[in-house]
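An overview of the molecular structure
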Amino acid sequence: QVQLVESGGGLVQAGGSLRLSCAASGSIFSTAVMGWYRQAPGKQRELVASITTGGSTNYADSVKGRFTISRDNAKNTVYLQMNGLKPEDTAVYYCNLRSSTWYNWGQGTQVTVSS
């Protein structure tokens, strides 16, 4: 069983920064595509950023230039550095692991950006 545990959410003023972390259990991490998604109240969950096993990244247009996804395979951890936060970034952020045999979600971490 693969478990994902997110941390790093919180309350920040507009223009501020936060770094989210997602630690994965097990040995599957290095072979998995990792992603960060978010879900705001009343909205569908959306992809924020993803990173492949080779380090290729993909970002939603709304966060390009402000957010950076990275991974540390030695620590089984994926990060999301969020700079220039805006009130519209307020959401629950979820970590996702996708491999040939696993598809898992973390429990989510709340990010609230005040104006």
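Before reading further, recall that the structure is shown in the block above.
So, here's what we can say about the structure.

Here is what the cut-offs are and how they apply
Residues numbered from 1 in each chain as written. Predicted model: local features only at pLDDT ≥ 70, side-chain atom pairs only at ≥ 80, totals over all residues. Heavy atoms only, no water. Salt bridge = Lys/Arg side-chain N within 4 Å of Asp/Glu carboxyl O. Helix = DSSP H or I, 4+ residues; strand = E, 2+ residues; numbered from the N terminus. Buried < 20%, exposed > 50% of the residue type's maximum accessible area, 1.4 Å probe, protein only. Pairing = 2+ DSSP bridges. Axes fitted to C-alpha atoms, helices over the stretch in contact; angles between N-to-C directions. Contact = heavy atoms within 4.5 Å. Core = buried A, V, L, I, M, F, W, Y, C linked by side-chain atoms within 4.5 Å.

Details of the pattern of salt bridges
Scanning all chains against the criterion turns up four salt bridges. Taking the shortest distance from any N to any O, the salt bridge between Asp89 and Arg38 comes out at 2.9 Å. In this pair, Asp89 is assigned in the loop between strand E8 (77–82) and strand E9 (91–98) and Arg38 in strand E4 (residues 33–39), connecting sequence segments 51 residues apart. This pair shows no difference in class: Asp89 is buried, exactly as Arg38 is. Where Lys64 meets Asp61, a salt bridge forms, and the shortest distance between an N and an O atom there is 3.1 Å. Classification of Asp61 by relative accessible area gives exposed; the value is 65%. Ionic contacts of the salt-bridge type, sharing partners, join the residues Arg38, Glu46, Arg66 and Asp89 into one network.

Focus on the sheet that holds strand E7 (residues 67–72)
Read across the sheet, four strands follow the order E1-E3-E8-E7 without closing on themselves; strand pairing throughout is antiparallel. Edge positions in the sheet fall to strand E1 (4–7) and E7, since each of these pairs with one other strand and no more. Neighbour to neighbour, the strand axes of the sheet diverge by 15° on average, direction disregarded. In this structure, E7 lies alongside E8, joined through six bridges in antiparallel fashion. In the strand pairing of E8, Phe67 is matched with Met82.

Here we look at the side chain of Ser99
You can see Ser99 is positioned in the loop between E9 and strand E10 (103–105). Look at Ser99 and you get buried, because its relative accessible area is 17%. Those residues in contact with Ser99 that lie beyond four places of it in its chain are Ile28, Thr31 and Ala32.

Thoughts on the nonpolar core
Counting 30 residues, the largest nonpolar core has Met34, Trp36, Val78, Leu80, Met82 and Tyr93 as its most contacted members. Looking at this core, the elements that each hand over two or more residues are strand E3 (18–24), E4, strand E5 (46–51), E7, E8, E9 and strand E11 (109–114). Filtering out sequence-adjacent residues up to four positions away, Met34 remains in contact with Leu4, Phe29, Ala49, Ser50, Ile51, Ile69, Arg71, Val78, Cys95, Asn96 and Leu97.

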